[in-house]
Amino acid sequence: MSGFDVGNRLKQMRLSRELSQRELAKRAGVTNSTISLIEQNSVSPSVSSLKKILDAMPVSISEFFAGESASQEQVFYRSEDLTEIGDGTLSWKLVGARRPNRSMSIIHEHYPPGADTGEEMLEHEGEEGGVIIAGMIELQVADEIQLLGAGDAYYFDSRLPHRFRNAGDSECVIVSANTPPSFADGGGEQHHV
């Protein structure tokens, strides 16, 4: 998550809510040392770990990465304007993270070979869809598993358990969208990793 001080931002948000590291860890179901190491920038949290911690405050991922500044209704975004919300292995660049009242998330996703959203299947409110731009991805939705390649697409109810895995030997690139924006709610859902 280059260019963004995750540790300092987490500490600011925790202190502004008058939470100790111990209390936040307890609420999030993680160890005290996890919170401490993240705040010191000694470890880079996975998206799911960060989401779990933020949900415990609750703070949306959008709010976390947006910082204090509200943005005007921007229309066009250069590559460098996208907000990186990946975990250091996976790269997910969120379009319009600071856009007020955003009603969907559009994400430019990069899965290096071997990348996986994790053993635990993901479930959250809403719908999501995407188009594979390059490479291959193995997508499991409930009991169905498909290997999708460039030009293939998916669309499903996000309440169904799902998992993404790059079993190939080249990077997989996906452009996806979901609504309501999973990265804008402080609720209990998580998206990928």
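Conventions we followed
- Residues numbered from 1 in each chain as written.
- Predicted model: local features only at pLDDT ≥ 70, side-chain atom pairs only at ≥ 80, totals over all residues.
- Heavy atoms only, no water.
- Pairing = 2+ DSSP bridges.
- Helix = DSSP H or I, 4+ residues; strand = E, 2+ residues; numbered from the N terminus.
- Buried < 20%, exposed > 50% of the residue type's maximum accessible area, 1.4 Å probe, protein only.
- Contact = heavy atoms within 4.5 Å.
- pLDDT = per-residue confidence, 0-100.
- Salt bridge = Lys/Arg side-chain N within 4 Å of Asp/Glu carboxyl O.
- 1 Å grid on protein atoms, 1.4 Å probe; cavity = no way out; pocket = protein on both sides within 12 Å on 5 of 7 lines; lining within 4 Å.
- Points joined across faces, edges and corners; volume = space filled by probe spheres on them.

Student: For the sheet that holds strand β1 (residues 83-84), give the residues involved together with the corresponding values.
Tutor: Strand order in the open sheet made by the six strands is β1-β2-β3-β9-β4-β7, with antiparallel pairing throughout. Single-partner strands in this sheet number two, and they are β1 and β7 (153-157). Of the strand pairs in this sheet, β1 and strand β2 (residues 91-94) are connected by two bridges, and their pairing is antiparallel. Paired with Thr83 across the two strands is Leu94, which belongs to β2.

Student: Can you break down the environment of Arg165 residue by residue, with the values?
Tutor: Mapped onto the elements of the fold, Arg165 is located in strand β8 (residues 162-165). Using a relative accessible area of 29% as the deciding quantity, one classes Arg165 as partly exposed. The spatial distance from the C-alpha of Arg165 to the C-alpha of Asp116 is 4.2 Å, given a sequence separation of 49 residues. Among all residues touching Arg165, those that are not within four sequence positions of it are Ala115, Asp116, Ile137 and Glu138.

Student: So what about the confidence of the model for the protein chain? Which residues, and what values?
Tutor: Close inspection of predicted coordinates is inappropriate for parts of the model with low pLDDT. In this model, the protein chain carries an average pLDDT of 83, and 89% of its residues clear a pLDDT of 70 or more. Note that residues 184-193 has pLDDT below 50 and, in this model, 53 contacts with residues that lie over four places away or in other chains.

Student: How would you sum up the pattern of salt bridges? Please name residues and give values.
Tutor: Note that side chains of opposite charge can pair when their charged atoms are close. Counted under the stated rule, the structure contains six salt bridges. Across the pair Arg27 and Glu23 runs a salt bridge, and its minimum N-O distance is 3.1 Å. Of the two residues, Arg27 and Glu23 both sit in helix α2 (residues 21-28), four residues apart, roughly one turn of that helix. What makes Arg27 partly exposed here is its relative accessible area of 45%.

Student: Outline empty space enclosed by the protein, supporting the account with residue identities and numerical values.
Tutor: Scanning all chains against the criterion turns up one cavity of 30 Å³ or more. If you add up the space inside the largest cavity, you get close to 30 Å³. Lining the largest cavity, in full, are Glu138, Leu139, Gln140, Arg163, Phe164 and Arg165. Of all the secondary-structure elements, those providing two or more residues to the lining of the largest cavity are β5 (136-141) and β8.

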